[in-house]
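Read off the chains here:
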Amino acid sequence: MPSAEPKTAASSGGVQSLERAFDLLERMADAGGEVGLSELSTSSGLPLPTIHRLMRTLVACGYVRQQPNRRYALGPRLIRLGESSARLLGTWARPYLARLVEETGETANMALLDGDEVVYVAQVPSRHSMRMFTEVGRRVLPHTTGVGKALLAAAPPEEVRALLGRTGMPPATPRTITTPDGFLEALRRVRETGYAVDDNEQEMGVRCLAVPVPDSPTAAAISISGPAGRVTEEATADIVPILKEVAAELSGALASGGGTA
């Protein structure tokens, strides 16, 4: 009589291999996208034969590729997954952005850090006739925006300096921060206060307030933006607690796999 028992050992081994494969991909991302097997073995604690077997599978699937120098790099097939995930992240965020618009009256945005750039993945516009529009999919340099400051506030200073060295710091307006030291000081203020400000730095006449989304699966920030005459210092005291509350609720929804406010 055949046994009805599931093959627990095999299924358990399959799940373990899947967990290990994803762990290796995340370790590769943390290392900048390219690593050697010995580095992965040291950081993960897994034996080299196990890592080599997993990497062979990831290479065959296109999620990793082996470089001419024998090191391994994240593969192009991950791009499609990331783009689809970013679109879904924006979709999940929309109800929370709508609440921001309802409570603050200003346009609400969500942005991610993609490489060295900030990319806007969702927006809900203000109902005011004078309102701010940022096209979803638009890319900007982090040093010019409130969301850029919020996204980089927790990054080590040496990583921030390296990023700024790659992008440069061209001024978008006369108010744009254009020195690494000035930007690092702005990041210090973000860590101190819990929110970032773009005060006419991306566009003259526009002020933006932004906060990071805590514990997001990828670095994310939400913001409101509006005319400087409405988003005043006085209004900031009322808006920032709402931003932080909505960011915390969005974080909880993302941790649970989505949902609405």
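Our subject is the structure that appears above.
Residues numbered from 1 in each chain as written. Predicted model: local features only at pLDDT ≥ 70, side-chain atom pairs only at ≥ 80, totals over all residues. Heavy atoms only, no water.

**Student:** Go over the packing of helix α6 (residues 157-167) against helix α7 (residues 180-193) with me, naming the residues and quoting the values.
**Tutor:** Between α6 and α7, whose axes approach to 10 Å, the crossing angle comes to 135°. Classed by the angle they form, the pair α6 and α7 counts as oblique. In this structure, α6 meets α7 at a crossing whose hand is right-handed. On α7, the residues touching P157, V160, R161 and L164 of α6 are P180, D181, F183, L184 and L187. Of the residues that constitute the contact of α6 with α7, the class distribution is seven nonpolar, no polar and two charged. (Axes fitted to C-alpha atoms, helices over the stretch in contact; angles between N-to-C directions. Helix = DSSP H or I, 4+ residues; strand = E, 2+ residues; numbered from the N terminus. Parallel < 35°, antiparallel > 145°, perpendicular 65-115°, else oblique. Left-handed = near helix turned anticlockwise from the far one by under 90°. Contact = heavy atoms within 4.5 Å. Nonpolar A, V, L, I, M, F, W, Y, C, P; charged D, E, K, R; others polar.)

**Student:** Which residues make up the nonpolar core, and what are the values?
**Tutor:** L97, L100, M110, I222, I224, L243 and L250 are the most contacted members of the largest nonpolar core, which has 30 residues in total. Those elements that place two or more of their residues in this core are α4 (77-104), β4 (107-114), β5 (117-124), β8 (206-212), β9 (220-227) and α8 (233-255). No other element matches the 10 residues that α8 contributes to this core. Apart from the residues lying within four places of it in its own chain, the contact partners of L97 are A108, N109, M110, A122, Q123, V124 and I222. One finds V35, L40, V64 and Y72 within the second-largest nonpolar core, a separate group that totals 14 residues. (Core = buried A, V, L, I, M, F, W, Y, C linked by side-chain atoms within 4.5 Å. Buried < 20%, exposed > 50% of the residue type's maximum accessible area, 1.4 Å probe, protein only.)

**Student:** A description of the side chain of T104 should follow, citing residues and the corresponding values.
**Tutor:** Looking at where T104 falls in the secondary structure, it is placed in helix α4. Relative accessible area serves as the criterion here: at 16%, T104 is assigned to the buried category. If we ignore the near neighbours within four places in the chain, the residues touching T104 are I224, I239 and I242.

**Student:** Just give me the short version of the pairing of β8, but keep the residues and values in it.
**Tutor:** Burial runs high along β8: six of the seven residues are buried. Where strand β7 (residues 196-199) lies against β8, four bridges are found, and the strand directions are antiparallel. Bridged to V197 within β8 is L209. Where β7 folds back on β8, the antiparallel hairpin that results is connected by six residues, among which N200 adopts a positive phi of roughly 65°. (Pairing = 2+ DSSP bridges.)

**Student:** Lay out the pairing of β4 with the relevant residues and their values.
**Tutor:** β4 sits mainly inside the fold: six of its eight residues count as buried. Pairing of β4 with β5 involves seven bridges; the strand directions are antiparallel. Its bridge partner being in β5, A108 is matched across the sheet by V124. What sits between the antiparallel neighbours β4 and β5 is a turn of two residues, in which G115 has the positive phi angle 65°.

**Student:** Lay out the sheet that holds β8 with the relevant residues and their values.
**Tutor:** Spatially, six strands are ordered β6-β5-β4-β9-β8-β7 in an open sheet, and the strand pairing comes out antiparallel. Single-partner strands in this sheet number two, and they are β6 (139-140) and β7. Across two bridges, the pairing between β5 and β6 is antiparallel. Of the residues in β6, the one forming a bridge with V119 is R139. In the packing of α8 onto the sheet, the strands contacted are β4, β8 and β9, and the crossing angle to β8 comes to about 35°.

**Student:** An account of helix α2 (residues 37-44) is needed here, citing residue identities and associated values.
**Tutor:** Along α2, the residues classified as buried are L37, L40, S41 and S44. Looking straight down α2, one finds its buried side chains confined to an arc of 100°; they lie on one side. Residue G45 follows α2 closely and has a positive phi angle near 80°. (Arc of directions from axis to C-beta.)

**Student:** An account of the sheet that holds strand β3 (residues 72-74) is needed here, citing residue identities and associated values.
**Tutor:** Strand order in the open sheet made by the three strands is β1-β3-β2, with antiparallel pairing throughout. Two strands bound the open sheet, and with one partner strand each, they are β1 (34-35) and β2 (64-66). In the sheet, β1 pairs with β3 via two bridges, with the strands oriented antiparallel. Bridged to E34 within β3 is A73. Relative to the sheet, helix α3 (residues 48-61) contacts β2 and β3, its axis offset from that of β2 by approximately 105°.

**Student:** Give a detailed account of the packing of α2 against α3, specifying residues and quantitative values.
**Tutor:** Running from N to C, α2 and α3 cross one another at 115°; their axes reach a closest spacing of 9 Å. The chirality of how α2 crosses α3 is right-handed. In contact with L37, S38, L40, S41 and S44 of α2, α3 contributes L48, I51, H52 and M55. Of the residues assigned to the contact of α2 with α3, the class counts are five nonpolar, four polar and no charged.

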